[in-house]
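# An overview of the molecular structure
Spelled out from the first residue to the last, the chains are:
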Amino acid sequence: MPEKKLPQILQTNTSIIQAASLIGLLVSGYLAYVKLFHVAIYCTPGLGNCETVNSSRYSILFGIPLGVWGLMGYIALFLLITFGKKIHFLSENVDLTVFAISLGGFLFSIYLTTLELFVIKAICQWCILSAVMMTTIFIASVFRLVVKSAKLSLSGGKLYAKD
């Protein structure tokens with residue numbers, strides 16, 4: 001992989017993570033709003049039963065609606081990928097931190113989707129969209145680590161500050 005293409009690839013990767021984080025943030029914000037203010041949830045006809053999922057006992061974790069947990073996760077991911085390199089104590093581990101958070105979110109999304117399919121027996125379009133966004137972030141974070149690992153290997157162990 002030519003050295004000049006690497007910054008462009010990583011910038012595209014960053015943009016993908018930022019966009020998916022913002023979409024996830026909007027979805028989670030909507031789900032948190034619906035749950036916290038007891039507003040009827042919109043579900044496109046024929047795309048599932050969001051009300052059943054949102055009113056299930058699985059829509060709250062430790063007394064906090066899942067939408068709020070999602071908000072915190074997506075905000076953290078967006079801030080890390082956008083500003084993490086500028087924060088001294090985070091700069092070297094931003095990519096690993098994004099990977100760790102997205103791995104947790106990805107695994108939790110699998111768990112929740114499994115609950116929707118086999119326990120609740122209803123699908124929520126918003127939950128699926130959030131799961132797709134977290135999966136996108138997870139895949140992008142893995143790609144980012146693989147590219148950086150290859151760069152580190154090719155450079156003889158020298159990782160430059162501008163990556």
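Residues numbered from 1 in each chain as written. Predicted model: local features only at pLDDT ≥ 70, side-chain atom pairs only at ≥ 80, totals over all residues. Heavy atoms only, no water.

### Digging into helix H3 (residues 66-83)
For H3, built from 18 residues, the straight-helix expectation of 26 Å at 1.5 Å per residue is met to within 8% by its first-to-last C-alpha distance of 25 Å. Taken residue by residue, H3 has Gly-67, Val-68, Gly-70, Gly-73, Tyr-74, Leu-77, Leu-80, Ile-81 and Thr-82 as its buried positions. (Helix = DSSP H or I, 4+ residues; strand = E, 2+ residues; numbered from the N terminus. Expected span 1.5 Å × (residues − 1). Buried < 20%, exposed > 50% of the residue type's maximum accessible area, 1.4 Å probe, protein only.)

### Looking at the nonpolar core
Within soluble globular proteins, side chains that are nonpolar generally end up buried alongside one another. Formed by 13 residues in total, the largest nonpolar core has its most connected members in Ile-17, Tyr-74, Leu-77, Val-98 and Ile-137. Of all the secondary structure elements, the ones that give two or more residues to this core are helix H1 (5-36), H3, helix H5 (94-120) and helix H6 (125-154). Apart from residues lying up to four places away in sequence, Tyr-74 is in contact with Ala-20, Ser-21, Gly-24, Leu-25, Ser-28, Ser-130, Met-133, Met-134 and Ile-137. Counting eleven residues, the second-largest nonpolar core is a separate cluster that includes Leu-31, Cys-50, Val-53 and Leu-115. (Core = buried A, V, L, I, M, F, W, Y, C linked by side-chain atoms within 4.5 Å. Contact = heavy atoms within 4.5 Å.)

### Focus on H5
Between its terminal C-alpha atoms H5 stretches 36 Å, which fits the 39 Å expected from 27 residues at 1.5 Å a residue. Residues of H5 that are buried: Val-94, Asp-95, Val-98, Ser-102, Gly-105, Phe-106, Ser-109, Leu-115, Glu-116 and Ile-120.

### Digging into a nonpolar patch on the surface
A cluster of nonpolar side chains, contributed by Leu-61, Phe-62, Trp-69, Met-72, Phe-108 and Tyr-111, occupies part of the molecular surface with about 620 Å² of accessible area. Among the elements of the structure, H3 and H5 are those that each provide at least two residues to the nonpolar patch. With respect to the helices, strands and loops of the structure, Tyr-111 is situated in helix H5. (Patch = residues over 30% accessible without salt bridge, like charges linked within 9 Å, V, L, I, M, F, W, Y side chains within 5 Å. Areas by Shrake-Rupley, 256 points an atom, 1.4 Å probe, with all protein chains shown as cover. Salt bridge = Lys/Arg side-chain N within 4 Å of Asp/Glu carboxyl O.)

### Concerning the side chain of Thr-14
Structurally, Thr-14 can be placed in helix H1. Thr-14 has contacts with Ile-81 and Arg-144, leaving out every residue within four places of it along the chain.

### Looking at the pattern of salt bridges
Side chains carrying opposite charge are able to pair once their charged atoms draw close together. What the rule picks out here adds up to two salt bridges. With its nearest N and O atoms 3.6 Å apart, the salt bridge here joins Asp-95 to Lys-85. Linking Asp-95 in helix H5 with Lys-85 in the loop between H3 and helix H4 (88-91), this pair joins segments that are ten residues apart in sequence. For Asp-95, a relative accessible area of 7% translates into the label buried. Asp-95 is the partner of Arg-144 in a salt bridge, and the nearest nitrogen-oxygen pair spans 2.5 Å. On the criterion of sequence distance, the pair formed by Arg-144 in helix H6 and Asp-95 in helix H5 is long-range, its members being 49 residues apart. Side by side, Arg-144 and Asp-95 carry an identical accessibility label, which is buried. Salt bridges sharing partners connect three or more residues here, namely Lys-85, Asp-95 and Arg-144.

### Regarding the packing of aromatic side chains
Two aromatic rings are characterised by how far apart their centres lie and by the angle between their planes. Using the criterion set out here, one finds five aromatic pairs in the structure. Seen from their ring centres, Phe-106 and Phe-138 are 4.7 Å apart, and the 10° between their planes marks the pair as stacked. With Phe-106 in helix H5 and Phe-138 in helix H6, this residue pair connects regions lying 32 residues apart in the sequence. You'll find Phe-106 and Phe-138 in the same group, each marked buried. One aromatic cluster is present, formed by Phe-99, Phe-106 and Phe-138 through successive ring pairs. (Phe/Tyr/Trp six-rings, centres within 6.5 Å; stacked < 30°, edge-to-face > 60°.)

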